[in-house]
Amino acid sequence: MANAPREQWSSRAGFVLAAVGSAVGLGNMWRFSYLTAENGGAAFVILYLGVTLLIGLPVLLAELTVGRGSQRSPVAALQHYGGRAWTPLGMVFVAAGFLILAYYGVIAGWTLRYGLMAFFGGFSGVSERFEDIAQGPDAFSFHLAFMAITIAIVAGGVKAGIERAATVLMPLLFLMVAGLAVYAAMLPGAEEGYAYYLDTDFSGILSREVLTQAAGQAFFSLSLGMGAMMTYASYLGRDANLPNGSVVIAGADMGIAFLAGLAVFPMIFALGLSEKVGGSTLGALFITLPEAFAGMGGVGRVVGLVFFAALVVGALTSAISLLEVVVSAAIDGLGWGRRRAALLSGGAITLLGAPAAWSLGVLDVMDQVANNVFLLGGGLALSLFVGWRMQDPVGEARVGARGGRGFSLWRALLRFAVPLVLLYVLWDAVPGTLRAVFDLFAA
Ligand code: PHE
């Protein structure tokens, strides 16, 4: 155990900004709008809202409760409440941090590069070159640069590093996304973009596959199932209102995801590039949209710069939380100093990202494994832990909260509804993911 006193956020707002920073990231701007457009528009938004309320919010509150209550990093926190038998789950969380950040850093590296392109030369021709930009030594170099920034911030500490970064970056991110949505609304053809995005089709959402995607997206977007929110909550004081915090975090995460979709689709439609939206989630962001920016001339460079700057900022505050899970575990478990922990674990993660930087196929499989196995599986284990194993989670969650209604519903959801839905979804998602892993190695 490190003997320095445990760091804390300087204010409740600092915590909320950092947690929203963790939640809002590439998941919001990259996958949410795409899934929505593909899967029934407004109907998918309603399904997603339902999944967030029924599954996401209870697990988020569970993570905050374990973190704040134990004042420890995930491995030690689970041991504190569950005994030695639960430490492996904490280790799985740390492994998930490694895996996700390794490929997340690669995608973040692309966004960094696109931002610089907007600044220095514009986007003409990028759409044909995407596969070269996304794979190879260049992709690795930008991943390295992005990871260096992430490591530097985490090494700075909870207050002076993470909280300070979030306090500056999150308001900026919100302004950028809101500005883009307003700009997009004024474009000719905006209505067609909205129609494509939100065109309601309820027949699309009643399949298990779509439910799986909605659940996976909710966990990824809210940073759940791998201890990130737990770690951040461990730096909270006992006076924090956890239910309140959960609602604010989930609301901000959904709000920004929705807003980002309002920005993306009108821009694509204004330039008549709609037939190029399908294909892949990445395609819309890194191929079609830059093409749209290139077609807008000088304005396109400014809009593109703002857009990719927003992506970089969102990715950075999320990457920070992924690294912090690993770093806090190394500080608590190995007794390392923060700087050493940040540098060594961040360095190892950067190297683990190399295969993803060299191959889009590897990156895609890492993403599937992270989502479908680690986050959903981690969420299942966590709901069982808090629902069945932890003594009196309601007593702990209630500390600092006003009012007492809703807590027994929360516990019942964690005990029954959340595990059942997650089992149903995992049953579907895991075999397909294993097949993808197998195919990758067989190829
Ligand atoms: N929530 C982040 C996003 O939407 C990704 C993330 C997942 C961050 C898990 C931390 C933990 O981009």
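For clarity, every value in this text was computed on a predicted model and none was experimentally measured.

Quick look at the nonpolar core
W110, Y114, M267 and F307 are the most contacted members of the largest nonpolar core, which totals 165 residues. The biggest single contributor to this core is helix α14 (residues 298-334), with 19 residues. The contacts of Y114, once residues within four sequence positions are left out, are F123, V126, F130, I133, F286, P290 and F308.

Topic: the site of the ligand
In the vicinity of the ligand lie 14 residues, with A23, L26, G27, Y104 and F220 positioned nearest. The fraction of the free accessible surface of the ligand (330 Å²) that becomes covered by protein chains is 100%. Its atoms largely coinciding with the cavity grid, the ligand occupies the largest cavity. Looking at the shell around the ligand, the elements that each hand over two or more residues are α1 (12-23), α2 (26-38), α10 (208-221) and α14. Looking at the shell around the ligand residue by residue, the class counts come to six nonpolar, eight polar and no charged.

Details of unusual backbone geometry
Even without a glycine there, the phi angle at Q71 is positive, about 55 degrees. As for its position among the elements, Q71 is in the loop between α3 (42-70) and α4 (74-82). One non-glycine residue, D392, adopts positive backbone phi at about 45 degrees. Relative to the elements of secondary structure, D392 occurs in the loop between α17 (360-389) and α18 (393-398).

Regarding empty space enclosed by the protein
Following the criterion strictly, the structure yields three cavities of 30 Å³ or more and no others. Estimated volume of the largest cavity: approximately 140 Å³. As for the largest cavity, its lining consists of 18 residues, and the residues nearest its centre are S22, F220, S223, S318 and L322. At the level of elements, α1, α5 (87-120), α10 and α14 are the ones that each hand at least two residues to the lining of the largest cavity. Broken down by class, the residue content of the lining of the largest cavity amounts to eleven nonpolar, seven polar and no charged.

Looking at the pattern of salt bridges
Per the stated rule, a full pass over the model turns up seven salt bridges. In this structure, R6 and D332 form a salt bridge, with 3.5 Å as the shortest nitrogen-oxygen distance. Taken together, the residues R6 in the segment before α1 and D332 in helix α14 connect sequence positions 326 residues apart. A salt bridge links E396 to R68; its shortest N-O distance comes to 3.2 Å. Separated by 328 residues along the polypeptide, E396 in helix α18 and R68 in helix α3 bring together distant segments of the chain. Here E396 and R68 have matching classes, each one buried.

Quick notes on a nonpolar patch on the surface
Judged by side-chain polarity, L384, W388, F416 and L420 come together as a nonpolar surface patch covering roughly 420 Å² of accessible area. Counting residues per element, the ones that place at least two in the nonpolar patch are α17 and α19 (407-442). Within the secondary structure, F416 is located in helix α19.

Overview of the packing of α5 against α14
Look at α5 against α14: their axes get within 8 Å of each other, and the N-to-C directions meet at 160 degrees. As judged from the angle between their axes, α5 and α14 are roughly antiparallel. In the crossing of α5 with α14, the sense of the turn from one axis to the other is left-handed. Tallied by class, residues from the contact of α5 with α14 come to 23 nonpolar, six polar and one charged.

Section: the packing of aromatic side chains
Tallied over the entire structure, the rule returns 26 aromatic pairs. Both rings, one in F44 and one in Y48, keep their centres 6.4 Å apart while their planes meet at 20 degrees; by these two values the pair is stacked. With F44 and Y48 both in helix α3 and four residues apart, the pair spans about one turn of that helix. With relative accessibility at 0%, the residue F44 sits in the buried group. Owing to a relative accessible area of 2%, Y48 belongs among the buried residues under this scheme.

About the cut-offs
- Residues numbered from 1 in each chain as written.
- Predicted model: local features only at pLDDT ≥ 70, side-chain atom pairs only at ≥ 80, totals over all residues.
- Heavy atoms only, no water.
- Core = buried A, V, L, I, M, F, W, Y, C linked by side-chain atoms within 4.5 Å.
- Buried < 20%, exposed > 50% of the residue type's maximum accessible area, 1.4 Å probe, protein only.
- Helix = DSSP H or I, 4+ residues; strand = E, 2+ residues; numbered from the N terminus.
- Contact = heavy atoms within 4.5 Å.
- Near = heavy atom within 4 Å.
- Areas by Shrake-Rupley, 256 points an atom, 1.4 Å probe, with all protein chains shown as cover.
- 1 Å grid on protein atoms, 1.4 Å probe; cavity = no way out; pocket = protein on both sides within 12 Å on 5 of 7 lines; lining within 4 Å.
- Sits in = over half its atoms within 2 Å of the grid points.
- Nonpolar A, V, L, I, M, F, W, Y, C, P; charged D, E, K, R; others polar.
- Points joined across faces, edges and corners; volume = space filled by probe spheres on them.
- Salt bridge = Lys/Arg side-chain N within 4 Å of Asp/Glu carboxyl O.
- Patch = residues over 30% accessible without salt bridge, like charges linked within 9 Å, V, L, I, M, F, W, Y side chains within 5 Å.
- Axes fitted to C-alpha atoms, helices over the stretch in contact; angles between N-to-C directions.
- Parallel < 35°, antiparallel > 145°, perpendicular 65-115°, else oblique.
- Left-handed = near helix turned anticlockwise from the far one by under 90°.
- Phe/Tyr/Trp six-rings, centres within 6.5 Å; stacked < 30°, edge-to-face > 60°.

No statement about biological role is implied by the geometric values presented.
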